[in-house]
Amino acid sequence: MPKNPKIFPITITNPVVEDYCLSHSFKIPKELMEIESYTKKNILAHRMLSNHIQAHFLITLSYLMRPKKVLEIGTFTGYSAICLAQGLTNDGKIISIEKHPEFVSIAQNFFEKYNYKNIQVIHSDGLEFVKQHKDLYDLIYLDADKERYKEYLIHLLPLLEEKGVMIIDNTLWKGLVTEAAKEPVTRKIQEFNEFLKTLENQIFYSLMPIRDGITLILKK
Ligand SMILES: C[S@@+](CC[C@H](N)C(=O)[O-])C[C@H]1O[C@@H](n2cnc3c(N)ncnc32)[C@H](O)[C@@H]1O
């Protein structure tokens, strides 16, 4: 158990309501159930995994957008990349960046096992990759390195196509962003959330209370 439940509350959403939503929505694909089960059994930091509500959100958005070029920062065991791959165009491609070699190889094995040839994992620091990158994307999912979200956004916005969409996870940070920050990550996420206000001429943005907070950005 965490020492300070205030810093690590289990959830800011209502699990009963979430369960009801899930029991009235499409079934999570089998490969995602298997990755979830593997991750929970074998990876100590399994809490980093997206949950079913997020999976629904990512899969639905992918089907709505039918993206051709997707960039993900923070592959972990490959769960969210497979969610985002559901609505990809036939010639679409996902590039997913992961810093830790152990996760790179676990995700690669899953992509091979489930025949997701359209997902490529790159072993790199996300920010270093983004700073040197020039390609444009329809959809970008930022789910790593929370302290540097603002820096990522500065470098990622130019990589987003006009009318492209960016998803940023954990922007409510267990609800702690609503209080005076007691530790650096909360402060950094608060700064990021405030920073978005300065970009109103470039983006539409919405912070939604989905799991740990998801910000959705549409480039004008
Ligand atoms: C919250 S997990 C991602 C979860 C995944 N998107 C999912 O939903 O299943 C964050 C991942 O980002 C990776 N990571 C952390 N810092 C990073 C960095 N600077 N560059 C790239 N990846 C990083 C971590 O190793 C971890 O696998």
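Residues numbered from 1 in each chain as written. Predicted model: local features only at pLDDT ≥ 70, side-chain atom pairs only at ≥ 80, totals over all residues. Heavy atoms only, no water.

Please clarify how the packing of aromatic side chains should be interpreted in this entry.
Two aromatic rings are characterised by how far apart their centres lie and by the angle between their planes. This structure, assessed with the given rule, holds four aromatic pairs. Between Y149 and F192, the ring centres sit 5.4 Å apart and the planes meet at 65 degrees, which makes this aromatic pair edge-to-face. Residue Y149 is located in helix α7 (residues 149–156), and its partner F192 is located in helix α8 (residues 184–195); the two are separated by 43 residues in the primary sequence. Both residues of the pair, Y149 and F192, count as buried. Clustering of aromatic rings is evident, with ring pairs tying together Y38, F110 and Y114. Taking the ring centre of F195 as reference, the NZ or CZ of K150 above it sits at 4.9 Å. Residue placement shows K174 over the ring face of W173; its charged tip is 3.5 Å from the ring centre. (Phe/Tyr/Trp six-rings, centres within 6.5 Å; stacked < 30°, edge-to-face > 60°. Helix = DSSP H or I, 4+ residues; strand = E, 2+ residues; numbered from the N terminus. Buried < 20%, exposed > 50% of the residue type's maximum accessible area, 1.4 Å probe, protein only. Lys NZ or Arg CZ within 6 Å of the ring centre and 35° of its normal.)

Explain the pattern of salt bridges here, please?
Pairs may arise between side chains of opposite charge once their charged atoms sit close together. A full pass over the atoms with the stated rule returns eleven salt bridges. As a salt-bridge pair, K131 and E151 come within 3.8 Å of each other at their nearest N and O atoms. Of this pair, K131 sits in helix α6 (residues 126–131) while E151 sits in helix α7; the two residues are 20 residues apart in sequence, bridging distant segments of the chain. Since its relative accessible area comes to 34%, E151 is described here as partly exposed. Counted as one network, the salt bridges with shared partners bring together K30, E34 and K113. (Salt bridge = Lys/Arg side-chain N within 4 Å of Asp/Glu carboxyl O.)

Quick question: what am I supposed to make of helix α5 (residues 101–113) here?
At 3.6 residues per turn, the α-helix brings residues three or four places apart onto the same side. Between its terminal C-alpha atoms α5 stretches 18 Å, which fits the 18 Å expected from 13 residues at 1.5 Å a residue. Looking at α5, one finds that the buried residues are F103, V104, I106, A107, F110 and F111. Its buried side turned inward, α5 meets α2 (30–42), α4 (79–85), β2 (93–98) and β3 (119–123). (Expected span 1.5 Å × (residues − 1). Contact = heavy atoms within 4.5 Å.)

I tried to follow the pairing of strand β5 (residues 160–169) on my own but got confused; where do I start?
Successive residues of a regular strand alternate their side chains across the two faces of the sheet. β5 sits mainly inside the fold: seven of its ten residues count as buried. Relative to β5, strand β4 (residues 137–142) is paired through five bridges, and the arrangement is parallel. From the neighbouring strand, I140 faces β5, where its bridge partner is M166. For the handedness criterion, the β-α-β arrangement of β4, α7 and β5 is classed as right-handed. Strand direction decides the pairing type here: β5 and strand β7 (residues 214–219), joined by five bridges, are antiparallel. Its bridge partner being in β7, M166 is matched across the sheet by I217. (Pairing = 2+ DSSP bridges. Right-handed = clockwise from strand over helix to strand, strands pointing away.)

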